Amino acid sequence: MGATKLQILGVTKEFTDPALGTRFEVLQEVNLDIQAGEFLTIVGPSGCGKTTLLRILDGLVRPSRGRILLDGHEVTEPGFDRAFVFQRGGLFPWRTVLGNVAFGLETRGEPAAGRVRRAQELLRLVGLEGFAHYYPHQISGGMQQRVNLARALAVNPEVLLMDEPFAALDAQTREIMQRELLRIWRAERKTVVFVTHQIDEAIYLSDRVVVMSARPGRIKMLASVDLPRPRDIDLKRTSEFLKYAKEIWEVIKEEVEKTLSLEFGKEPGRGA
């Protein structure tokens, strides 16, 4: 990893409840430095602001207070230096796989020959070279997410933001996609900020794992994953891996129990 790429400086985000007209905090005073080339994953209980933070990093949402810096410059809107991979990718059904991958280059005014060449290179990288002229409905969910990843990489972003991109996949395909994502990340060396609910996915992929508190989301734990790379799926069965999983789960469980105690009026860790 290199120098600091992204800085999250005192980010707080408030929303207004449309039914009640009251204000509530989703994120509270989040501070974090993310290094160039780092694979960082954010986990935490539902509603803790993981996706909101990712959207703030992309410039899709403005913080109520605080700033995001990318290479020292403030982020105020989306830009080609960041690319977002959503949980459900939203491929254009009327475009071929090649046409979807080349879309970002087209919007930038890249000449046709150049964008086709780059799209073909990326399809080779994600293992879809033979599917360039297929349409999204003709390929599997896992293949569609490979197309989404290739489309995000096409514009050569500095930072790749990924919001639960494998959540809709079956367990076997999900593990294959995790392995493939690491292969692609090693080839491209992008800075990645990844959101997931799966603790094992977070540990397997990451250099560091951020654990968020229950709403309002704050950084409760920052765990460095000291496991060798490259990583095989079998790593998930080792005692070292399971130790990380237990530590992270204990922190998340504590936050979930706090939320439940507020909702149901019970003390954390006690039954009815």
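Residues numbered from 1 in each chain as written. Predicted model: local features only at pLDDT ≥ 70, side-chain atom pairs only at ≥ 80, totals over all residues. Heavy atoms only, no water.

## Looking at the sheet that holds strand 10 (residues 219–224)
Counted only if it meets this: The pairing criterion is simple: DSSP has to find at least two bridges between the two strands. Only DSSP runs of H or I reaching four residues or more are called helices, and only runs of E reaching two or more are called strands; each is numbered from the N terminus. Helix axes use the C-alpha atoms of the stretch in contact, all axes being lines fitted to C-alpha atoms, and the angles between their N-to-C directions lie in the range 0 to 180 degrees. Residue contacts are defined here by distance: any two heavy atoms, one from each residue, within 4.5 Å place the two residues in contact.
Read across the open sheet, the 6 strands follow the order 6-7-8-3-9-10; overall the sheet is mixed. Two strands bound the open sheet, and with one partner strand each, they are strand 6 (82–85) and strand 10. If you compare each strand with its neighbour and ignore which way they point, the axes differ by 15 degrees on average. Its contacts with the sheet put helix 1 (residues 50–58) on strand 3 (39–43), strand 6, strand 7 (159–163), strand 8 (191–195) and strand 9 (208–212), and the angle it makes with strand 7 is roughly 155 degrees. Most of the contacts of helix 5 (residues 141–154) go to strand 7, to which it runs at about 150 degrees, and overall it touches strand 6 and strand 7.

## Some words on the pairing of strand 4 (residues 65–70)
Of the pairings in the sheet, the one linking strand 1 (residues 4–16) to strand 4 comprises 5 bridges and is antiparallel in character. Among the inter-strand pairings, T12 is bridged to a residue of strand 4, identified as R65. Here 2 bridges tie strand 4 to strand 5 (residues 73–74), and the two strands are oriented antiparallel to one another. When the sheet's bridge partners are listed, L69 is paired in strand 5 with E74. Counting the residues that bridge the hairpin from strand 4 to strand 5 gives 2 residues, and of these D71 lies at a positive phi of roughly 55 degrees.

## Remarks on the nonpolar core
For clarity, the threshold we go by: Nonpolar cores were defined as sets of buried Ala, Val, Leu, Ile, Met, Phe, Trp, Tyr and Cys residues, with membership established by side-chain atoms within 4.5 Å. Three labels apply to residues, based on accessible area from a 1.4 Å probe with only protein chains included: buried if under 20% of the type maximum, exposed if over 50%, partly exposed otherwise in between.
Judged by nonpolar contacts, the single largest core of 55 residues is most densely connected at L160, I203 and I248. With 7 residues, the single largest contributor to this core is helix 5. Those residues within four positions of L160 in sequence are excluded, and the remaining contacts are A83, V85, L149, A152, L153, T191, V192 and V193. Grouped together as the second largest cluster of nonpolar side chains are 25 residues, L54, I68, L70 and L161 included.

## Things to note about the side chain of T52
Counting through the fold element by element, T52 comes out in helix 1. Among the residues examined, T52 registers a relative accessible area of 16% and is labelled buried. Apart from residues no more than four positions distant in its own chain, T52 is found in contact with K13, F15, V26 and L27.

## Some points on the pairing of strand 8
For strand 8, the tally of buried residues reaches 5 of 5 residues, placing the bulk of the element in the interior. A two-sided burial pattern is seen for strand 8, the buried positions comprising T191, V193 and V195 on one face and V192 and F194 on the other. Pairing analysis gives 4 bridges linking strand 3 to strand 8, with the strands arranged parallel. Paired with T41 across the two strands is F194, which belongs to strand 8. Bridge count between strand 7 and strand 8: 5 bridges; the pairing is parallel. Within the sheet, the bridge partner assigned to D163 lies in strand 8 and is V195.

## Thoughts on the environment of R82
Using the following cut-off: Polar contacts, as counted here, are pairs of nitrogen or oxygen atoms within 3.5 Å of one another; within protein the pair requires one atom able to donate a hydrogen and one able to accept it, and residues that are adjacent in sequence qualify only if both atoms are side-chain atoms.
Relative to the assigned elements, R82 resides in strand 6. Counting along the chain gives 71 residues from R82 to L153, while the straight-line C-alpha distance between them is 9.5 Å. Contacts of R82, omitting those with residues within four sequence positions, involve L57, D58, G59, L70, V75, E77, P157, V159 and L161. There is a polar contact of 2.9 Å between the side chain of R82 and the side chain of D81.

## Points about the pattern of salt bridges
How we decide: The salt bridge criterion pairs a side-chain nitrogen of Lys or Arg with a carboxyl oxygen of Asp or Glu, the two atoms within 4 Å.
Counted under the stated rule, the structure contains 21 salt bridges. Measuring nitrogen to oxygen at the nearest pair gives 3.2 Å for the salt bridge that ties R23 to E14. Between R65 and E14 there is a salt bridge, with its nearest N and O atoms 3.6 Å apart. Of the two residues, R65 sits in strand 4 while E14 sits in strand 1, which places them 51 residues apart along the sequence.

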